[in-house]
Amino acid sequence: MELFIQQVINGLSLGGIYALIALGYTMVYGIIELINFAHGDVYTMGSFFSIAIIGLLDASGQLHGLPLLLVLAVTLAGAMILCGIVGVLLERLAYRRLRNAPRLAPLITAIGASFILENIMQLWRGPSPIPFPSVVPNVTWHFGGVNLSSNEVLVVVMALALMAMLQIFIYNTRLGKAMRATAQDRDAAQLMGININMTIALTFFIGSALAGVGGFVSGIYYGSTWFYNGFEAGLKAFTAAVLGGIGNVAGAMLGGFVIGMVESLTAGFISDQWATVAVFLLLVLVLIFRPSGLLGEVLPDKV
Amino acid sequence: MAFFALKNVTKTFGGLVAVKEVSYEIQPGQIAAMIGPNGAGKSTAFNLVTGLYVPTSGEIEFDEQTIGGKKPDFVCKLGIARTFQNIRLFAFMTAVENVMAGRHVRMGAMLWDSLLHTPKQRAEERRVREKALELLRFVKLERHADDYAHNLPYGFQRRLEIARALASDPKLLLLDEPAAGMNPREKEDLMGLIRAIRDRGTTVFLIEHDMGLVMNISERIAVLDHGEKIAEGTPVEIRANPRVIEAYLGKSA
Amino acid sequence: MLNWKKYRPIDWALVAIAVFMPFLPLVDHNGGHINVLVNAGIYMMLAIGLNIVVGFAGLLDLGYAAFFAIGSYTYAMVASPQFGLHFSFWPMVLISAFVAALFGVILGAPTLRLRGDYLAIVTLGFGEIVPQTFLNLAKYTGGPNGISAIDQPKLFGYHFGLNPLPYYYLVLVLIAFSLIVANNLRTSRLGRAWMAIREDEIAAAHMGINTTTAKLAAFSLGASFSGLSGVVNASLLTLVSPDQFKFNVSITVLSMLVLGGMGSLPGVVVGSALLSILNFFILPQASNLAATVGLHIDFTSYRFMLYGIILVAVMLFKPEGLWGSEQRKAELKESGDIAKAENAEYEEMPRETV
Amino acid sequence: MAALLDLRQIDAFYGRIQALHGVSLRVDQGEIVALIGSNGAGKTTTLRVISGLLRPARGQVIYVGQDITRLSPDLIVGRRLIQSPEGRRIFARMTVLENLQLGAYTRTSVTEVAESLEEVFTLFPRLKERVNQKGGTLSGGEQQMLAIGRALMSKPELLLLDEPSLGLSPLLVQTIFSIIQDINKRGVTILLIEQNARQALQIAHRGYVLETGSITMEDTAANLLASEEVRAAYLGGNVKAS
Amino acid sequence: MSRRSLARFVALAAILSMFGTSAAVMPAQAADQVIKIGIDLPVSGADASDGIPTQNGAALAVDEANAHAPKGIKFAVDALDDAVGGVHNPQQGATNIRSLAADPAVMGVVGPFNSNVAAAEIPVSNESGLPLISPSNTNPTLTKTAKYRTAHPNEITYFRVCATDDVQGKAGAEFAKTLGLKKVYIIDDNETYGLGLANVFEKDFKEMGGAVLGHDHITANQQDFKALLTKVAATKPDAVYYGGTTSTGGGLVRQQMGAAGMDPAKVKYEGGDGISDAEFIKVAGDAANNSYYTVAAPNAAKSASAQAFINAYKAKYHSDIGAYSANGYVAAQVIIAAAEKAIKANGGKAPTRAQVLKNIQNTSGFKSIIGTFGFDKNGDTTSPVIALWTIKNGAQDFVHQINVSTK
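What counts, and at which threshold
- Residues numbered from 1 in each chain as written.
- Chains lettered and ligands numbered in written order.
- Predicted model: local features only at pLDDT ≥ 70, side-chain atom pairs only at ≥ 80, totals over all residues.
- Heavy atoms only, no water.
- Helix = DSSP H or I, 4+ residues; strand = E, 2+ residues; numbered from the N terminus.
- Rg over C-alpha atoms; globule rule 2.2 N^0.38 Å.
- Buried < 20%, exposed > 50% of the residue type's maximum accessible area, 1.4 Å probe, protein only.
- Contact = heavy atoms within 4.5 Å.
- Areas by Shrake-Rupley, 256 points an atom, 1.4 Å probe, with all protein chains shown as cover.
- Lys, Arg positive; Asp, Glu negative; His and termini not counted.
- Charge placed at Lys NZ, Arg CZ, Asp CG, Glu CD.
- Domains from an automatic or database assignment.
- Buried area = accessible area lost by both parts, 1.4 Å probe.
- Salt bridge = Lys/Arg side-chain N within 4 Å of Asp/Glu carboxyl O.
- Polar contact = N/O pair within 3.5 Å; in protein donor to acceptor, adjacent residues only side chain to side chain.
- Nonpolar A, V, L, I, M, F, W, Y, C, P; charged D, E, K, R; others polar.
- Patch = residues over 30% accessible without salt bridge, like charges linked within 9 Å, V, L, I, M, F, W, Y side chains within 5 Å.
- Phe/Tyr/Trp six-rings, centres within 6.5 Å; stacked < 30°, edge-to-face > 60°.
- Lys NZ or Arg CZ within 6 Å of the ring centre and 35° of its normal.
- Core = buried A, V, L, I, M, F, W, Y, C linked by side-chain atoms within 4.5 Å.
- Pairing = 2+ DSSP bridges.
- Right-handed = clockwise from strand over helix to strand, strands pointing away.

### Topic: the overall build of chain B
- Counting its secondary structure elements, chain B contains ten helices and ten strands.
- The C-alpha atoms of chain B give a radius of gyration of 19 Å, which matches the 18 Å a tight globule of 253 residues would have.
- Each principal axis of the C-alpha atoms in chain B carries an extent, and together these give about 60 × 40 × 30 Å.
- Counting only residues that meet the buried cut, chain B has 63% of its 253 residues in that class.
- Once local pairs closer than 6 in sequence are excluded, the contacts in chain B between residues at least 24 apart make up 67%.
- Counting every atom, chain B has about 9,400 Å² of accessible surface; 50% of that belongs to carbon and sulfur.
- Both charge centroids of chain B, one from 34 positive and one from 32 negative side chains, sit 2 Å from each other.

This is the structure in structure tokens:
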């Protein structure tokens, strides 16, 4: 039983990272119906940027003089902004021209963009895993036989808090409404005076910034990263977004946690070598039996 | 069983009732129509007939079979063809290829024939091309046989869609707002075409907003409003029906 | 119907190269080169197969390597010491193609109803699962070691052995066969149905085209080509192991297709030839060349960067590919026709659920 | 009177196909101008060009004396040149209120927006009843009201109406047309595209006839209604009014 | 020229250039007295950290050979990369060997690095009679069965200078015993090398009376091992034995053990030479301490004869040697020695490949910086040395080494 609870904790924290990535997938898909295949790599870039920023703070000899919270805030904000910029650039350079093209076209460029980002990271930091500086002290609490670490709490709290903020943003602000309007009908949104290019870019910015948070948090949580990290994490997060109902913010979160649990319980109680297979099997099953996801809406085909 | 009938058909999307308990029977050889404002459920009714949607309840009968919930290709094979409200041609195929694609369901080439281009396959391709050209002549588009569908003017596209639908030798042809956007002259031609189709032995069932056209060629009309059938009858009966006047035509009609 | 005027000098050049290929080994005796050409030929066959799925039917399959794996393993299991079976090569070519096609049906049947982009991800997932499953089922597949000492074909008493030359001719013949069959498909009832589905799936269904069956046919026919290539690959390499069938194989083949032109058979040939040349000759040479001037850049390890750039650049600037068909060009470029634009919303407001 | 909107020699394309050939038209302050023509003639294309949704290949769009040809749609909306598009295009998954709020997207003054909202509710009391209902659940007529109301929320100077009677019952068509006249009387200039040429010309001051991408006639509405050509081509078989 | 026809012209030019390159690399004639030593290693991507130091070692041997080469003879290196997209690739390996075999000047090849690449290369080598000497292939089946020798089952063309996994695994088990480990959990990366090593360790450790609490396989490209390690922690092992490499997760597993409830200071970590690289320490961070690993090569620094090599290496490449640099160096030396012997027998003329192969097969009592050895009837070294290392204060530290002479 303790083992089970421990695995649930593992699953939740893993799921929190998937959820943060899934939010970006779901937002971008919601607004331009594109599976932003490169999103997983933006997440990895989040870790890379965090490492670079901490490195810079450290290099200037300030790391140990600065309060921990400030270091974290600067790193997090930096990673978010940089990832956001990467996302906006992706949209501008690789996707915008293809907004009205058949759907396969931007999907193929997305795959291409993913490869390009991976190789840029490989050029930058080499092909091997890179250690993530351990700036945050990891405190572990013991409840009977169950251990709970502050990092695990951090991941889950981060994910939930950002999802809540995102919900509020989308439903209660002017820009959020503009995003929803653009998602539903781009031309009509333009006729309301909404600058859709700006709105779509904003969506990419926010989605990518959230991936940046994911990258930062996962760096702290795992203590390392490498250039190819985003491939599988991205696929699993996409699975999470689909599972939750793509286009649905709460769904992405729910899906992320479910995928995290499935993976961790499979690894813990069946075998680690089947964990990935289990996740993809789940993806196939969801798409076949409930393509609209757990919280998604069923829409009729238009004729 | 009837030649064609909707029997208490209901379709809901989520909590919304798009079509509610609609019954409508059409006799072979008729030109029948369904009218009503947008959102009244006319296109939904068509989509139910051709198998795009599955009825929530009720039954659809055609040619001694129940077809409610059957797949579009199955329904087409049984002998129902359709056109679309917003034209859905294969835009980057030529006119004749469009019509040949419409013949798909009456062709017999199997995988093996396709792979190896057997003599049987070649002969069939020739026959089907001729048949397609003949249909293009019927809708007066023979000169555009090798043009891409998307390069044709609007009115031609509507006619090409009808030719494509006829290629499957349908017993029942569904026309979804065939006169939309046509000027009076084009409408005259269309009425002639619809009658000619009926005279070839195909029953016609159409949705239309243009009251002139509907009243002129239909033998039977159903009126839909908010998903419910509020009247059914001959054009004369419909025009005099107080519920129709109140809900649809307005006092001035 | 041949229209001779339609052909430009460059088309003739392509034909001339094709005619020259059988005589190439007379000029170049280097077994390594021939071996490279055989590998390139195997990729070309994969590309011809994937083109049926992606180019003809418009279904983006990102897990194509899975079928390559299935084809390879099928032959490996029955023609190696693994189970002590030594089936003959020739019938196995067909049987493996059939087995791969069968798996195409098994994967396709439940998933082909999905929208294009979802399908892409599901196939990608499938592409991940298959090699992982071969890896995990070590009892039957040799796990990470794979299956080795796979048999070579015999023809009229001549044992192919490991000499790449007979494979070279075998692959040439198979490519020619594949091209003919693929072209037949394109210009047949089934090919027209695929085109219709690509253009407008709902309209196609209303024309009586069973879209699921047609897509399934594309999926499994495409898979069968990779089954075919898998057998050749397994017997030439004498080894199959799970790491030969990763995502990068699927992407390489897709890049070939995109570069040459999806849906165009000459495009597939040109695209796969170009990328193979790049992979096997130019990139390694480029690194050596750079090294001679003291520049130590390893170009080969960035080949996927190159694929990425190809995918993005081609889709953005020349979506029909280097050798695409005019029709495909129109399809990918034109934003639509007047009638459509003028009538885009001439439809009953769908009463969507909320 | 100075022209509020002036289209000069507009050429527009979809891909390689030319949709507009040198279209010129003018709308003066306070007018209702009707643009009639069959489908595919280029009416919607003309409106798309005015609203900036489609860049013309040649020609100019002059609005209040300024060239707005190259402006993006949102900036054009900011100048209170508003289009209510064909097929209503309301945001089906948003509430009536949210739809109306989006109509006022470019406006900043909270009080003024509240005033406009009241105005729209007086014009369309039905919308007030359904203020928290999702747009997609409204009937066709209600959706058209919402579409027009949404356009009014931006306090338009010039309102482009694309097929406001489309798919409505003949009964509702009457209502909508009288509301259009009402809006015009409140000082909004209107450019109206209609299939229903007779009714459009009945409420318009002037009219243009568009055929295969070119303007073929231009006259006062009364003259067009009386014209034999227009009668034969566009007013002919409209039984409904008989 | 229009853009379209330009594109086509480029395509054509590229295709033609293929024939050009083919012609350019036409086999060199043996008459010019160049003797080539082929090298086939993964030198790009993630595997480059293994491949490059090994390649450097081999190239150094060729350089030194030229210093005292017989008159009219020149030794040269023909180095190929068997990595595709940064990962060693059997297809590429087989193609490389075929290319090298096609060049009659190539007398032998140093390589490959990875066992699954070897599985694809041995048949080619066996068929063409081109000797392969691997510095690092440790999978036992490569030599101990004839299954890879498809063309000539009795002809040995593939050799190695390192100990096999059964030797290394056994040594690992013995070391575990000496370290006082009683209960061990085994994790491997489900790759040829890792799984093989882990299986041998498991068998031998059990035979020596140790308890194996479980044996799990991980998936490549994974980042999260917490679920697995939580399960492992629940069994309360003395140590985790990892069969695999750093790049497949060796460092991450160690690094995440703490978070899963196994204090790295208390629970030891043991592995094979797959975690012998500097990456392991970087990735595992502080948790790297208290880890042990075996290397199928002697500690070159301990051997006086190796000092010259280490110095020469440093002078030429400005970096420290890698775990297999010495093996690569010695593998090349074996080929060179065999060639020189044949040259002598030929009276100064370049040897044939068959002569060189014969001489390699007969190698015995070969004195080298990794000890004195020969090849047994399967092609394995007769004098494998296994060294045990640990990581202390974030640095690699030599513990001791044993010579596990077979027959």
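### A closer look at the domain arrangement of chain E
Residues and elements named next belong to chain E.
- Domain annotation of chain E identifies domain 1 (33–163 + 301–383) and domain 2 (165–295).
- Computed over C-alpha atoms, the centres of domain 1 and domain 2 are 30 Å apart.
- Taken together, the nine residues of domain 1 in the interface contact eight residues of domain 2.
- Note on domain 1 versus domain 2: buried area summed over both sides is about 900 Å², and carbon and sulfur give 49% of it.
- When residues of domain 1 are sorted by the area they lose upon contact with domain 2, Thr-138, Ala-163 and Tyr-324 head the list and together hold 38% of the total.
- The interface formed by domain 1 and domain 2 contains one salt bridge.
- Measuring nitrogen to oxygen at the nearest pair gives 3.5 Å for the salt bridge that ties Asp-166 to Lys-144.
- At the surface where domain 1 touches domain 2, the tally comes to three residue pairs in polar contact (both at pLDDT 80 or more).
- Of the residues belonging to the side of domain 1 that touches domain 2, the class tally is four nonpolar, four polar and one charged.

### Regarding a nonpolar patch on the surface
Residue and element names in this part refer to chain C.
- Together, Tyr-7, Trp-12, Val-15, Val-19, Phe-20, Phe-23, Leu-26 and Val-27 make up a nonpolar patch on the protein surface, roughly 760 Å² of accessible area in all.
- Mapped onto the nonpolar patch, the elements with two or more residues apiece are helix 1 (9–20) and helix 2 (24–27).
- Mapped onto the secondary structure, Leu-26 falls in helix 2.

### Details of the interface of chain A and chain C
- Contact with chain A, which involves 46 residues of that partner, is made by 44 residues of chain C.
- Together chain A and chain C conceal approximately 4,300 Å² of surface at their shared face, both sides included; 76% is due to carbon and sulfur atoms.
- Counting the contacts that link chain A with chain C gives one salt bridge.
- Taking the shortest distance from any N to any O, the salt bridge between Arg-103 of chain A and Asp-117 of chain C comes out at 3.6 Å.
- Where chain A meets chain C, there are four residue pairs in polar contact (both at pLDDT 80 or more).
- Ranked by residues supplied to the side of chain A that touches chain C, first place goes to helix 4 (residues 104–125) of chain A with 14 residues.
- Residues belonging to the side of chain A that touches chain C are distributed by class as follows: 34 nonpolar, five polar and seven charged.

### Re the packing of aromatic side chains
- Applying the stated criterion to the full structure yields 48 aromatic pairs over all chains.
- Seen in terms of ring centroids, Phe-115 of chain A and Phe-304 of chain C are 5.5 Å apart; in terms of plane orientation they differ by 20°. Their pairing is stacked. Of the two residues, Phe-115 of chain A sits in helix 4 while Phe-304 of chain C sits in helix 14 (residues 303–317), which places them in two different chains.
- Cluster of aromatic residues (ring-pair linked, three or more members): Phe-37, Phe-115, Trp-226, Phe-227, Tyr-228 and Phe-231 of chain A together with Phe-247, Phe-304 and Tyr-307 of chain C.
- Geometry around Tyr-105 of chain D places Arg-174 of chain A over its ring, the cationic atom sitting 4.1 Å from the centre.

### Quick look at the pattern of salt bridges
- Tallied over the full model, the rule gives 49 salt bridges over all chains.
- A salt bridge links Glu-218 of chain D to Arg-206 of chain D; the shortest N-O distance between them is 3.8 Å. Remark: Arg-206 of chain D occurs in strand 9 (residues 206–211) and Glu-218 of chain D occurs in strand 10 (residues 214–220); sequence separation between them is twelve residues.
- Classification of Glu-218 of chain D by relative accessible area gives partly exposed; the value is 48%.
- Residue class for Arg-206 of chain D comes out buried when judged on its relative accessible area of 12%.
- Taken together, the salt bridges that share partners define one network made up of Asp-185 and Asp-187 of chain A together with Arg-48 and Arg-89 of chain D.

### With respect to the nonpolar core
- In this structure, Phe-4 and Phe-205 of chain B together with Trp-194 of chain C are the most contacted members of the largest nonpolar core, which totals 252 residues.
- With 15 residues, the single largest contributor to this core is helix 3 (residues 31–56) of chain C.
- Counting residues domain by domain, this core receives three or more from each of domain 1 (1–79 + 170–253) and domain 2 (93–168) of chain B.
- Beyond its immediate stretch of four places on either side in the chain, Trp-194 of chain C contacts Ile-52, Phe-56, Ala-57, Leu-185, Ala-214, Ala-217, Ala-218 and Leu-221 of chain C.
- With 55 residues, the next largest nonpolar core counts Ile-39, Ala-338, Ile-343 and Phe-366 of chain E among its residues.

### Section: the arrangement of the chains
- In this assembly, eight pairs of chains are in contact, and the pair with the greatest number of contacts comprises chains B and C.
- The least C-alpha distance between chain B and chain E, which are not in contact, is 21 Å.
- Note that chain D does not reach chain E: the shortest distance linking a C-alpha of one to a C-alpha of the other is 18 Å.

### Considering the sheet that holds strand 4 (residues 58–63) of chain D
Residues and elements named next belong to chain D.
- Across the sheet, which stays open at both edges, the four strands sit in the order 2-1-4-5 with antiparallel pairing between neighbours. With partners counted over all chains shown, the strands left at the sheet margins are strand 2 (17–28) and strand 5 (66–67), one partner each.
- One ladder, built from eight bridges, connects strand 1 (residues 3–14) with strand 2; its direction is antiparallel. Counted as the bridge partner of Ala-3 is Asp-28 from strand 2.

### Side note on the pairing of strand 5 (residues 106–110) of chain E
Residue and element names in this part refer to chain E.
- The element strand 5 is largely enclosed, with a buried count of five among its five residues.
- Pairing between strand 1 (residues 34–41) and strand 5: four bridges, direction parallel. Across the sheet, residue Lys-36 finds its bridge partner in strand 5, namely Val-106.
- Bridge count for strand 5 against strand 6 (residues 132–134) is two bridges, and the pairing is parallel. Within the sheet, the bridge partner assigned to Val-110 lies in strand 6 and is Ile-133.
- Handedness of the β-α-β unit built from strand 5, helix 4 (residues 115–128) and strand 6 comes out right-handed.

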